[in-house]
2 protein chains.
Amino acid sequence: MAQLNHNFNSVKKRNHAEKLKETLYLKIAKIIEEQIQSDTLRLGDKLPSIRSAQKLYNVSINTAKQAYLELESRSLIESRPKSGYYVSKTSQRKLALPTVAKISSTEKEKTPEDLIDKVFGTIAKSDFTQFALGIPGKNFLPLAKLNKSLINTVRRRNDGGTAYEPVQGNEHLLREVAKWSLVLEGKITEDDLVITSGAMNAIYNALMAVTKPGDSVAVESPVYFGFLQAIQLLGLKAVEIPTHPIFGVDLDALKKVLPNIAACCFVTNFNNPLGFQMPDENKKELVRLITEYNVPLIEDDIYGNLFFGAERPKPCKFYDEAGLVLWSGSVSKTLAPGYRVGWIAPGKFKDKIIRQKLVQTVCNPSLYSDVIADFLEHGRYDHHLRTFRNKLYANYLQIQRAVEAYFPDNTKISQPKGGFMLWLELDKRICTEDLYDVAGNQKINFAPGRMFSQYNQYNNCMRLNYALEWTDRVENDLEKLGKLIKNSI
Amino acid sequence: MAQLNHNFNSVKKRNHAEKLKETLYLKIAKIIEEQIQSDTLRLGDKLPSIRSAQKLYNVSINTAKQAYLELESRSLIESRPKSGYYVSKTSQRKLALPTVAKISSTEKEKTPEDLIDKVFGTIAKSDFTQFALGIPGKNFLPLAKLNKSLINTVRRRNDGGTAYEPVQGNEHLLREVAKWSLVLEGKITEDDLVITSGAMNAIYNALMAVTKPGDSVAVESPVYFGFLQAIQLLGLKAVEIPTHPIFGVDLDALKKVLPNIAACCFVTNFNNPLGFQMPDENKKELVRLITEYNVPLIEDDIYGNLFFGAERPKPCKFYDEAGLVLWSGSVSKTLAPGYRVGWIAPGKFKDKIIRQKLVQTVCNPSLYSDVIADFLEHGRYDHHLRTFRNKLYANYLQIQRAVEAYFPDNTKISQPKGGFMLWLELDKRICTEDLYDVAGNQKINFAPGRMFSQYNQYNNCMRLNYALEWTDRVENDLEKLGKLIKNSI
């Protein structure tokens, strides 16, 4: 009882301190905002470093950081890694950020399976402008190099890939993924990894390993619909947590449900669909929280290498000491979706994952593993990623400009820090599920917002994939889409 | 109530008629057995056709058939398809058939995971004589042709296999599997099939589609351990049904549990591990039963094309009118284990299977599908199967001879009609789990019987894979194994 009281008091004390810090960082943000509005700080100007700001305002490093993050979240400033903070170009952006949804969890859950099926039904339609799916356009992939590597691999292996691999995975690929995961600064070795049939297979197996039917799983909201489907298939319950378009999942809201959930399942870097990069501070705090409550975190980091900044952001896995973070990646978003090559570093759940994999599929096909290992080993993957990132960033600027030009002025638009998804919130009167059919008649495809929740929400939202070759047709189709939206109001 | 009484009476009547038939066929079998023992019928003599026997003994066709099947089950006669029944060479075989186990289901279930892990741990040890695993030796596979096809496929496809396939599967492969499934006489089309990551993935998904956690599933006993693992992973309960080494699962025993189970999961052709080919009559009756009780049957038919007789046996799927049979196959036992290409014709559960597949892995890698489709389309697979079957039958004769020569006289041995598994029942005092370690020291591998049940049984049994190149070392290793067994008694 004394212990309980002690805990309660320390929580109260912490809450008070946090409230105080909150007021402070908002005050500082307000000062800087006024400097920008009064043109004291101008577009492109460099802000004082966080350390200087700390001294200037006589606050803690964290408070200074939070003030800058707040300004960044409102697109008033932007960080350029290894350089500092600058008054942002996007502070002049025309359109606002999407709002953070209030989750109406009293409603009956219903994953929109029919809608998802309908959208997936157009996966093979080559005459569509494919804004819908999370797949990079063919022109972005190094097909000739992959084919060459594949042919060399077939010739080199004496079994032509007909033999079974070890269940954990192709040893060559395990080694190369471990070596190549520099962002973890040597915190994982090849023995910490398991090869999977793409990241979706990693997520499915991770969920299976850390839950039992009936359990609850915290997800972002809007949430990647594949998570909702996997959660439903495994007899689990999704708990949608309000999610900020810049900071990611609301940690205070998460904390409230943590005692009652079996796992978290988040896309922390270049989130699908919101595009945010969860700030390092939030990642650290997230890992602290899940460790405190002993709740595994399944971290989908498939977009992590598609950063627009100067360096690859850290995943939560980097801060994980307890083996509670199951970190997954793949080459499906960057190199070869159809190869179905992914991996997971499942922390202390590794043996369980390997056993599940044995039962579900014995092992992975070996040739693709060898080809990807080869790509990693000889720097070809890094080379490809550099080019790919530049193209994606150029496309992001294009699509942002096009949406600003063609869509109604009250359109709200996400501010992705990487990846290739743009999230739009349209006028409340627009139903993007209806718009999907109308646009389909004009061979234009997008992902309606309703796909991204188990509740009846995001009906006026849509996700656009911009990893497609920027042609006149793409430009025209965005103009058409904008007109369709304007006509529906 | 009247209806209930009527049903009860008709069941009673049927039971009485069945009992009468039973006595009859055993009497006829007895007469023929005496003729063989008295040398009235000699080795190689042809028996009267079933129609002649029907007239001769004045019984129904079915009773005559059952009499012959009974004699066949005791290895006194053998059927040569499209020719008739002959006094069997194996009626002179030295060793008896394995006994049908009484299932001690009062015992606590425990799948021997550690033992299975240990055996799978040697999967990559190339210095072992691999009698353990159900994988054909590399020398039996058409590696050069597969590689050539793979290289051609890479060159032909304009996406090099980087694009996603439709979730249901590669269209080319679906078409070719449907066309090539001649044994079903046109009863399935390409739209009835779903491509899977090998047959194990098909079985896992089939189990998931037709059950919910807590359900019971009927399996053979001894049972392929992969089934037990999948059942356990999905939170299901296995019900082991006594299984005859010639006829397969005991249909009377099955009938008793059918009202309380959610699915059956059987290997009907060239069973793993027993090697039997369930007679057509039993297959028909099995399908009648599951249809009566509306219980789905998951039919693993991966060995069906490896027949020693004149033609490919029918699967239960052939008799299925209600869409209750989920029929699965793959090329893992015949062509390319590492390709992980399998398929399932899931009857009325197709949509559920496709949805599960989307969530678990999105789709299959495409190149392998194309290569296998190519192999099927141009008759290369049939050509390969002809050669492979001949080699397997020669190996079966070799291993049967070797076991007779080197193993103790009280060894009981199965009589496979196809496939490449031999099941041995040794002296009661032998523990094959202990023997496994001793043999391992001599780089000899086999599958201990304990792997094939959730109960503490088959401890004196072992399964030997004979799809390996018959070298002096294999011969010597069997001799060594025989000596180890003799020394353990």
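Parameters and conventions
- Each chain has its residues counted from 1, running along the sequence as written.
- To read the labels, note that chains go from A and ligands from 1, taken in the order they are written.
- Totals for whole chains, interfaces and linings use all residues, but because this is a predicted model, local features are given only for residues with pLDDT of at least 70 and pairs of side-chain atoms are given and counted only at 80 or more.
- Excluding hydrogens and water, the side-chain values take into account all heavy atoms of the structure.
- UniProt positions are given in the numbering used here, feature names are shortened, and annotations may be inferred rather than shown by experiment.
- All axes are obtained by fitting lines to C-alpha atoms, using only the stretch in contact for helices, and the reported angles, taken between N-to-C directions, cover 0 to 180 degrees.
- Think of it this way: any DSSP run of H or I at least four residues long counts as a helix, any run of E at least two long counts as a strand, and we number them from the N terminus.
- Just so you know how the angles are binned, under 35 degrees is roughly parallel, over 145 roughly antiparallel, 65 to 115 roughly perpendicular, and the rest oblique.
- The handedness criterion is simple: a crossing whose near helix is rotated anticlockwise from the far helix by less than a right angle is left-handed, and one whose near helix is rotated clockwise is right-handed.
- Only heavy atoms matter for contacts: two residues are in contact if any of them lie within 4.5 Å across the pair.
- When residues are grouped by polarity, Ala, Val, Leu, Ile, Met, Phe, Trp, Tyr, Cys and Pro land in nonpolar, Asp, Glu, Lys and Arg in charged, and all others, Gly among them, in polar.
- Any two strands are treated as partners once DSSP identifies two or more bridges connecting them.
- Here pLDDT means the predictor's own confidence in every residue, given as a number from 0 to 100.
- Burial classes follow relative accessibility: with a 1.4 Å probe on protein chains only, a residue under 20% of its type's maximum area counts as buried, one over 50% as exposed, and anything between as partly exposed.
- Positive: Lys, Arg. Negative: Asp, Glu. His and the chain ends are not part of the count.
- Should a side-chain nitrogen of Lys or Arg be within 4 Å of a carboxyl oxygen of Asp or Glu, the pair is scored as a salt bridge.
- Residues below a pLDDT of 70 in either copy are left out; the C-alpha atoms of the rest, at least 70 in both, set the least-squares superposition of the copies.
- Here a polar contact is taken to be a pair of N or O atoms separated by no more than 3.5 Å, where protein atoms must pair a possible hydrogen donor with a possible acceptor and residues adjacent in sequence count only if both atoms sit in side chains.
- Accessible area that two parts lose when put together, with a 1.4 Å probe and added across both, is what the buried area reports.
- Domain start and end points were adopted from an automatic or database domain assignment.
- We define a nonpolar core as any set of buried Ala, Val, Leu, Ile, Met, Phe, Trp, Tyr and Cys residues linked to one another through side-chain atoms lying within 4.5 Å.
- The length a helix should cover is 1.5 Å for every residue beyond the first.

The name that an unreviewed UniProt entry assigns to chain A is DNA-binding transcriptional MocR family regulator, with the source organism given as Flavobacterium lindanitolerans. Reading the Sequence similarities (unreviewed entry) entry of the UniProt record for chain A gives the comment "In the C-terminal section; belongs to the class-I pyridoxal-phosphate-dependent aminotransferase family."

**Considerations on the packing of helix α8 (residues 225-233) of chain A against helix α11 (residues 350-361) of chain B**
Contact pair α8 of chain A / α11 of chain B: the axes reach a minimum separation of 9 Å and the direction vectors enclose 120°. Taken together, the axes of α8 of chain A and α11 of chain B lie oblique to each other. Judged by the sense of rotation from one axis to the other, the crossing of α8 of chain A with α11 of chain B is left-handed. Contacts between α8 of chain A and α11 of chain B involve Gln229, Ala230 and Leu233 of chain A from the first element and Gln356, Leu358, Val359 and Gln360 of chain B from the second. For the contact of α8 of chain A with α11 of chain B, a count of residues per class yields four nonpolar, three polar and no charged.

**So, the sheet that holds strand β10 (residues 325-330) of chain A**
Residue and element names in this part refer to chain A. Taken in spatial order, the eight strands make up an open sheet running β4-β11-β10-β9-β8-β5-β6-β7, and their pairing is mixed. Strands with a single pairing partner mark the edges of an open sheet, and in this sheet they are β4 (194-196) and β7 (248-249). Direction of pairing for strand β6 (residues 237-244) relative to β7: antiparallel, over a ladder of two bridges. Across the sheet, the residue bridging to Thr243 is Val249, located in β7.

**Examining the confidence of the model for chain A**
Here chain A shows a mean pLDDT of 90. Residues at 70 or above account for 93%. Here residues 1-8 of chain A scores under 50 on pLDDT; set against residues more than four positions off or in separate chains, the count is zero contacts.

**Structural notes on the packing of helix α6 (residues 171-180) of chain A against helix α12 (residues 366-377) of chain A**
All names here are of chain A. As a packed pair, α6 and α12 sit with axes 8 Å apart at the nearest point and diverge in direction by 30°. Where α6 crosses over α12, the two elements pack in a sense that is left-handed. For the pair formed by α6 and α12, the contact residues are His172, Leu173, Glu176, Val177 and Trp180 on the first element and Ser369, Asp370, Ile372, Ala373, Asp374, Leu376 and Glu377 on the second.

**A few points about the side chain of Lys357 of chain B**
All names here are of chain B. By the element assignment, Lys357 lies in helix α11. Glu165 provides the closest opposite charge to the buried, salt-bridge-free Lys357, at an N-O distance of 8.0 Å. Excluding its chain neighbours within four sequence positions, the residues that come into contact with Lys357 are Val167, Gln168, Gly169, Val194, Ile195, Val362, Cys363 and Asn364.

**Focus on the relation of the copies chain A and chain B**
Superposition of chain A onto chain B requires a rotation of 180° combined with a translation of 0.0 Å along the rotation axis, giving an RMSD of 0.1 Å. Here the two chains are linked by the operation of a two-fold rotation axis. Taking the C-alpha atom as reference, chain A places Ile151 of chain A closest to the rotation axis, 3.1 Å from it. Looking at chain A, 98% of its interface residues are interface residues in chain B too, so the copies touch through the same face.

**A few points about unusual backbone geometry**
All names here are of chain A. The amide bond that connects Ser221 to the next residue, Pro222, takes the cis arrangement and shows omega of 0°. Mapped onto the fold, Pro222 is located in the loop between β5 (216-221) and α8. At Asn294, a position not held by glycine, the phi torsion is positive, near 55°. Tracing the backbone through its elements, the reader meets Asn294 in the loop between α10 (280-293) and β9 (297-300).

**So, the environment of Ser197 of chain A**
Residue and element names in this part refer to chain A. Along the chain, Ser197 turns up in the loop between β4 and α7 (198-210). Measuring from C-alpha to C-alpha, the distance between Ser197 and Gly419 comes to 21 Å, with 222 residues separating the pair along the chain. Reaching out from Ser197, the side chain makes a polar contact with the side chain of Asn364 at a distance of 3.3 Å.

**Quick word on the interface of chain A and chain B**
Taken together, the contact between chain A and chain B spans 52 residues of the former and 51 residues of the latter. Summed over both sides, the interface between chain A and chain B buries roughly 4,500 Å², with carbon and sulfur atoms accounting for 65% of that surface. Among the residues of chain A in contact with chain B, Thr162, Tyr164 and Val359 of chain A are the three that bury the most area, contributing 16% of the side total. The interface formed by chain A and chain B includes four salt bridges. Where chain A touches chain B, the interface holds 16 residue pairs in polar contact (both at pLDDT 80 or more). Looking at the side of chain A that touches chain B, the elements that each hand over two or more residues are α4 (113-120), α5 (143-156), α7, α8, α11 (350-361) and α12 of chain A. For the side of chain A that touches chain B, the element with the most residues is α5 of chain A, which contributes seven residues. Grouping the amino acids of the side of chain A that touches chain B by side-chain chemistry returns 29 nonpolar, 15 polar and eight charged.

**Digging into the pattern of salt bridges**
Applying the stated rule across the entire model yields 46 salt bridges over all chains. Two residues, Arg355 of chain A and Asp117 of chain B, come together in a salt bridge whose shortest N-O distance is 2.1 Å. A residue pair is termed interchain when its members come from two chains, as with Arg355 of chain A in helix α11 and Asp117 of chain B in helix α4 (residues 113-120). Given the relative accessible area of 30%, Arg355 of chain A is considered partly exposed.

**Let's talk about the domain arrangement of chain A**
Residues and elements named next belong to chain A. The domains assigned to chain A are domain 1 (2-92), domain 2 (113-138 + 383-488) and domain 3 (162-379). On a C-alpha basis, the centroid separation for the pair domain 2 and domain 3 is 25 Å. Buried surface at the junction of domain 2 and domain 3, summed over both partners, amounts to about 2,700 Å²; 63% is from carbon and sulfur atoms. A per-residue breakdown of the area domain 2 buries against domain 3 is headed by Arg389, Lys417 and Phe452, which together make up 21% of the total. In this assembly, domain 2 and domain 3 are joined by zero salt bridges. Where domain 2 meets domain 3, there are 15 residue pairs in polar contact (both at pLDDT 80 or more). Looking at the side of domain 2 that touches domain 3, the elements with two or more residues in it are α4, α13 (380-406) and β13 (421-425).

**Some remarks on the nonpolar core**
In this structure, Cys264, Met462 and Leu464 of chain A together with Leu254, Cys264, Met462 and Leu464 of chain B are the most contacted members of the largest nonpolar core, which totals 298 residues. Setting aside residues up to four positions removed in sequence, Met462 of chain B forms contacts with Phe407, Leu422, Trp423, Leu424, Leu426, Thr432, Leu435, Phe446, Ala447, Gly449, Leu481 and Ile485 of chain B.

**Some words on the sheet that holds strand β11 (residues 342-345) of chain B**
Overall, mixed pairing links the eight strands, which are arranged β4-β11-β10-β9-β8-β5-β6-β7 (chain B) in an open sheet. Only two strands of the sheet have a single neighbouring strand rather than two, namely β4 (194-196) and β7 (248-249) of chain B.

**Here's the deal with the side chain of Gln457 of chain A**
In this fold, Gln457 of chain A is placed in the loop between β15 (447-448) and β16 (461-465). Among the polar contacts listed, one links the side chain of Gln457 of chain A to the side chain of Glu240 of chain A, at a separation of 3.3 Å.

**Things to note about helix α15 (residues 472-488) of chain A**
All names here are of chain A. Between its first and last C-alpha, α15 extends 24 Å over 17 residues, near the 24 Å set by a 1.5 Å rise per residue. By the burial criterion, the buried members of α15 are Val474, Glu475, Asp477, Leu478, Leu481, Gly482, Leu484 and Ile485. Of the surrounding elements, those touching the buried residues of α15 are β3 (129-130), α13, α14 (432-441), β14 (444-445) and β16.

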